[in-house]
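Observations on the three-dimensional arrangement
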Amino acid sequence: MMRNGVDVEAVNAAVGAMRKDAAAGQRTPSGLLSWNGGAHSTTIVRNFVIPADEPTALGGTDRGPSPMELVLTGLAACVAISIAYSAVEDGIEVHAIEIDVEGDLDLRGLFEVAGDVRPGFEEVRLTIRVDADAPREKIEELVNHGYRRSPVVDSLTSRVPVRVCIGREETGAG
């Protein structure tokens, strides 16, 4: 059965498997990035090719969203998915979800112009609009539940360790 575009049977089967065996819920998403020169890169994730670049004003060639724009995109998409899944669980029909997302970024941190400025977002704001067959209080509950269960929200608001390993590519030059 489909509800809000979600294959409810597939989700229920996955949740049932996770309840029986925690390992069924473990995933290691991954991608492979290739640098194309300058600020432009291409990442392959599953069967998808995702470009990234910086705007020309920052020395890029504007051939894709910036990495920070991709972070905002991932955040908004994850919150929307979490809201839709929460609505499915509550039996609520959703007609539309729109999210305006923006983040304040001080580029002095990236370019090390000021030593006391972080290179990341200072604040991120989401404005979420949901059109659903539910009263406003229930929609607010859905939005709050979707936000709380979002893996991207958790990753951005928690101290997630990032481990960097240096590899060496043998180019045959030399």
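Everything numeric here is computed off the predicted structure, so don't read it as measured data. (Residues numbered from 1 in each chain as written. Predicted model: local features only at pLDDT ≥ 70, side-chain atom pairs only at ≥ 80, totals over all residues. Heavy atoms only, no water.)

Structural notes on unusual backbone geometry
- Backbone geometry at Asn4 places phi at a positive 55 degrees, although glycine is not the residue there.
- Assignment of secondary structure puts Asn4 in the loop between β1 (2-3) and β2 (6-7).
- Here Glu112, not a glycine, exhibits a phi torsion of approximately 50 degrees, which is positive.
- Of note, Glu112 is situated in the loop between β6 (94-105) and β7 (121-132).
- For Glu112, a relative accessible area of 72% gives the class exposed. (Helix = DSSP H or I, 4+ residues; strand = E, 2+ residues; numbered from the N terminus. Buried < 20%, exposed > 50% of the residue type's maximum accessible area, 1.4 Å probe, protein only.)

Quick word on the pattern of salt bridges
- In total, this model carries 11 salt bridges according to the counting rule given.
- Among the ionic contacts, a cluster of salt bridges with common partners joins Glu102, Asp104, Glu123 and Arg125. (Salt bridge = Lys/Arg side-chain N within 4 Å of Asp/Glu carboxyl O.)

Overview of the side chain of Ser82
- Structurally, Ser82 is set in helix α2 (residues 67-89).
- Contacts of Ser82, omitting those with residues within four sequence positions, involve Gly146, Arg149, Ser150 and Pro151. (Contact = heavy atoms within 4.5 Å.)

A look at the nonpolar core
- Core analysis: the largest hydrophobic core is formed by 15 residues, its most contacted members being Val79, Ile92, Val130, Ala132 and Ile139.
- Looking at this core, the element that brings in the most residues is α2, giving 5 residues.
- For Val79, the residues in contact, after removing those within four places along its chain, are Ile99, Leu126, Ile128, Ser150 and Val153. (Core = buried A, V, L, I, M, F, W, Y, C linked by side-chain atoms within 4.5 Å.)

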